[in-house]
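Examining the three-dimensional arrangement
Chain residues, written in single-letter form:
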Amino acid sequence: MSESMDNKRDVLENKVLNRFDADTIQLGFMCNANECSGCNACVIACKDIHNLAPGKKYRKVLSGESGSWQESDSSAVPLKVFSYSISLSCNHCSKPLCASVCPRHAITKSSKTGIVSIEEELCVGCGACIKACPYDAPVRFRTLKKTYKCDMCLERLAEEKEPACVAACTMRCLEVGDMQALEKAYGSLRDDPLLPDSTKTSPNFILVPHRFLDQRDPDKIRIANMPEEISNTNE
């Protein structure tokens with residue numbers, strides 16, 4: 001990282017630490033699946049603040065469904081029909097696989113805030129981090145030969161604002177904060193049938209599960225999204 005960029009990040013992170021009145025902190029996200037309506041306002045807000053082109057996104061909303069319908073005379077009877085949504089971006093993991101595989105050492109985890117960031121000057125867009133991340137968080141821009149991802153809106157945090165996704169959430173089901181505080185308030189669940197095994201990367205993400213989830217067979221819950229809703233273009 002260049003000296004000017006390094007100094008800028010230090011200034012921003014120190015402001016974040018002052019905001020939380022801490023010497024070091026691990027920041028993370030919480031999503032309440034009971035409240036998420038799948039409206040994608042968070043996705044649009046993130047695209048807007050980062051000026052992302054169509055087909056590119058740093059945040060996505062996963063939708064799961066289960067159950068079936070049974071025909072009965074001229075009507076259809078629902079059989080345990082159920083759906084829910086989870087808003088997800090980079091989880092700024094405690095064991096970031098993306099950083100461990102980067103041949104340019106362009107991905108680092110802050111010792112101050114726990115935010116995982118990509119140094120643009122070092123990144124060559126090789127895609128190794130994309131293959132390694134089980135959450136598909138890094139996004140490659142082939143024409144730029146660079147890879148980018150969620151930076152937790154560090155500049156907004158330093159200004160004591162919420163990240164764009166959190167601020168735009170119509171249902172107030174997203175939250176950002178100190179992981180210890182989030183766990184105390186919402187528990188420590190990080191796994192869901194729609195998500196990869198959390199033990200691989202120790203994501204700094206808390207999930208409040210949907211209230212009906214424990215009444216359903218997790219093996220019968222399936223992704224309801226169209227591929228283009230949750231994937232990025234290769235351009």
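Described below are features of the structure shown in this document. Keep in mind the model is a prediction, meaning the values are calculated, not measured.

1. A few points about the environment of Ser198
- Here Ser198 lies in the loop between α7 (179–186) and β9 (205–208).
- On the basis of relative accessible area, Ser198 is assigned to the buried category, the value being 8%.
- When the C-alpha positions of Ser198 and Tyr135 are compared, they lie 9.9 Å apart, and in sequence the two are 63 residues distant.
- For Ser198, the contacting residues outside a window of four places in its chain are Tyr135, Arg190, Asp191 and Pro203.

2. Observations regarding the sheet that holds strand β1 (residues 27–32)
- Strand order in the open sheet formed by 3 strands is β8-β1-β9, and the pairing between neighbours is mixed. Of all the strands in the sheet, the pair left with one neighbour each is β8 (174–178) and β9. Adjacent strand axes in the sheet meet at a mean angle of 20° when their direction is disregarded.
- In this structure, β1 lies alongside β9, joined through 4 bridges in parallel fashion. Considered in β9, the bridge of Met30 is made with Ile206.

3. Brief notes about the pairing of strand β3 (residues 75–88)
- Sheet analysis places strand β2 (residues 60–72) next to β3, joined by 12 bridges and oriented antiparallel. Residue pairing across strands places Ser66 opposite Phe82, the latter belonging to β3.
- Between the end of β2 and the start of β3, which pair antiparallel, lie 2 residues, with Asp73 showing a positive phi angle near 55°.

4. Comments concerning the nonpolar core
- If you look at the biggest cluster of nonpolar residues, it comprises 44 residues, and the most contacted ones within it are Phe29, Tyr84, Ile86 and Phe205.
- For this core, the element with the most residues is β3, which contributes 4 residues.

5. Notes on the sheet that holds β2
- In space, the 3 strands of this open sheet follow the order β3-β2-β10, with antiparallel pairing throughout. Two strands close off the open sheet at either side, each with one partner strand: β3 and β10 (222–223).

What counts and what doesn't
- Residues numbered from 1 in each chain as written.
- Predicted model: local features only at pLDDT ≥ 70, side-chain atom pairs only at ≥ 80, totals over all residues.
- Heavy atoms only, no water.
- Helix = DSSP H or I, 4+ residues; strand = E, 2+ residues; numbered from the N terminus.
- Buried < 20%, exposed > 50% of the residue type's maximum accessible area, 1.4 Å probe, protein only.
- Contact = heavy atoms within 4.5 Å.
- Pairing = 2+ DSSP bridges.
- Axes fitted to C-alpha atoms, helices over the stretch in contact; angles between N-to-C directions.
- Core = buried A, V, L, I, M, F, W, Y, C linked by side-chain atoms within 4.5 Å.

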